[in-house]
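Results of the structural survey
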Amino acid sequence: MYIDTHAHLDFESFDEDRDAVIQRAIENKLSAIITIGTSLETSRKAVELAENYAFIFAAVGIHPSDCAEAGDEDYAEIEKLADHEKVVAIGEIGLDYYKMYTEKAVQMAAFVRQIELARRVNLPVIVHNREAHADVLKTLLQEKATDVGGVLHSFSGEPAFLDEVLKTNFFVSYTGGVTFKDPRGQDELARLTPVDRMLLETDSPFITPAPHRGKRNEPSFVIHTAKKIAELKEMDVKELAEMTTANAKHLFTLNI
Ligand SMILES: [Zn+2]
């Protein structure tokens, strides 16, 4: 069994066939999907989806690219949503110095604020990091995100950054990016990551793995990422699936 620990099932590109996508995930041996909020609106939708399907769980939070518009009320609402029994994490939160839709200081304030929130409600954090490695790690440590733990999703960076992250209690998660013709070092990072610190995700509808490049991504495609990582680590894919599923169940306290 597999768990897709990061999907955006509420996104528009699933509007036509969301139920079919969810059914295919069940047929392809997924035992859970965590659908992730990026704003107050998408966090609400994530919780709604989690209410409708037993094996779907939700994360609520405000993405660094969406935090410019978020005010006190949004954060108060996110905190209320976090109380829901199907909400298993605060996310996605973090820093994005690649797209830079929001200036750094605003991103940092939103990140710190939501780590504090996660600590108050005692939920792990799901962290988005693009080209902000040093600041992300420093902030997680300074703000004691390690008290609640979490995951650096769609992991990227140099092997030295991976080493620093592995010194904390954080998990790292890999997407279909490892299957790309040019995996930009993600294959090497996955190979270097101990399986007991690893999670699998699709980040659907984005980052579609081979052999489905060019199509929309969906949770059932997590299997291609698992196969590729098992190959890289020269281990049985069943064992990889079992261990990463156990990690996800443990981190997010999934009732499945
Ligand atoms: Zn995401």
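See above for the structure.
What counts and how
Within any chain, residue numbers begin from 1 and follow the written order of that chain's sequence. Where local features are concerned, this predicted model is filtered to residues with pLDDT of at least 70; where side-chain atom pairs are given and counted, the filter is 80 or more; whole-chain, interface and lining totals use all residues. To get the side-chain values, all heavy atoms of the structure are used, and hydrogens and water are removed first. Comment: axis = line fitted to C-alpha atoms, over the contacting stretch for helices; angle = value between 0 and 180 degrees taken between N-to-C directions. To qualify as a helix, a DSSP run of H or I must reach at least 4 residues; to qualify as a strand, a run of E must reach at least 2; elements of each kind are numbered from the N terminus. Two helices crossing with the near one rotated counterclockwise from the far one by less than a right angle form a left-handed crossing, whereas a clockwise rotation gives a right-handed crossing. In what follows, residue pairs with any heavy atoms lying within 4.5 Å of each other are defined as contacts. Buried residues of nine kinds, namely Ala, Val, Leu, Ile, Met, Phe, Trp, Tyr and Cys, make up a nonpolar core once their side-chain atoms join them within 4.5 Å. Exposure categories follow from relative accessible area, calculated using a 1.4 Å probe and restricted to protein chains: below 20% of the type maximum is buried, above 50% is exposed, and the middle band is partly exposed. Should DSSP find at least two bridges between two strands, the strands are taken to pair. Any nitrogen, oxygen or sulfur atom within 2.8 Å of a metal ion counts as a donor, with the limit raised to 3.2 Å for Na, K and Ca, and since water is left out, coordination shells can look unfinished. Labels for metal geometry use angle windows, namely 85 to 135 degrees for all angles of a four-donor tetrahedral site, and for square planar (four donors) or octahedral (six donors) sites opposite donors over 155 degrees apart plus all others within 65 to 115; sites meeting none of these are irregular. Consider the strands pointing away from the viewer: the crossover is right-handed when the path from the first strand over the helix to the second runs clockwise.

**A look at the packing of helix H4 (residues 104–121) against helix H5 (residues 133–142)**
- Relative orientation of the contacting elements H4 and H5 amounts to 35°, with a least axis distance of 10 Å. Along this stretch, H4 crosses H5, giving a crossing that reads as right-handed. Across from Met108, Phe111, Val112 and Ile115 in H4, the residues of H5 making contact are Asp135, Val136, Thr139 and Leu140.

**Observations concerning the nonpolar core**
- If you look at the biggest cluster of nonpolar residues, it comprises 67 residues, and the most contacted ones within it are Leu9, Ile90, Val125, Leu140, Leu152, Phe155 and Tyr174.
- Setting aside anything within four residues of it in sequence, one finds leucine 9 in contact with Phe14, Arg18, Val21, Ile22, Ile33, Thr35, Leu49, Ile56 and Pro219.
- Counting residues in hydrophobic clusters, the runner-up holds 16 residues, among them Ile3, Ala32, Ala59 and Ile126.

**A short note on the sheet that holds strand S6 (residues 150–152)**
- Sheet architecture is open: 8 strands sit in the order S1-S2-S3-S4-S5-S6-S7-S8, paired in parallel fashion. Each end of this open sheet is capped by a strand with a single partner; those strands are strand S1 (2–7) and strand S8 (198–200). Taken pair by pair, the neighbouring strands of this sheet meet at an average axis angle of 30°, ignoring direction.
- Looking at chain direction, strand S4 (residues 87–96) and strand S5 (residues 125–130) are connected through 5 bridges and run parallel. Each bridged residue has a counterpart across the sheet, and for aspartate 96 the counterpart in S5 is arginine 130.
- Contacting S4 and S5, H4 runs over the sheet at an angle of about 160° to S4.
- Where helix H6 (residues 159–166) meets the sheet, its contacts fall on S5, S6 and strand S7 (171–174), and the angle it forms with S7 comes to roughly 135°.

**Considering the coordination of the zinc ion**
- Taken together, the protein ligands of the zinc ion are His6 (NE2), His8 (NE2), Glu92 (OE) and Asp203 (OD), with distances of 2.1 to 2.6 Å.
- Coordination at the zinc ion comes from 4 donor atoms whose angles at the metal span 86 to 178°, giving a geometry best classed as irregular.
- Of note, the donors binding the zinc ion are all from one chain and are spaced H-x1-H-x83-E-x110-D. Of this pair, histidine 8 sits in the loop between S1 and helix H1 (18–27) while glutamate 92 sits in strand S4; the two residues are 84 residues apart in sequence, bridging distant segments of the chain. Comparing histidine 8 with glutamate 92, the two get one shared label, buried.

**A word on the pairing of S5**
- Across the 6 residues of S5, 5 count as buried, placing the element largely inside the fold.
- Crossover handedness for the path S4 to H4 to S5: right-handed.
- Here S5 runs beside S6; their pairing, made up of 3 bridges, is parallel. When the sheet's bridge partners are listed, valine 127 is paired in S6 with leucine 152.
- At this point the chain moves from S5, through H5, to the parallel S6, and the crossover so formed is right-handed.

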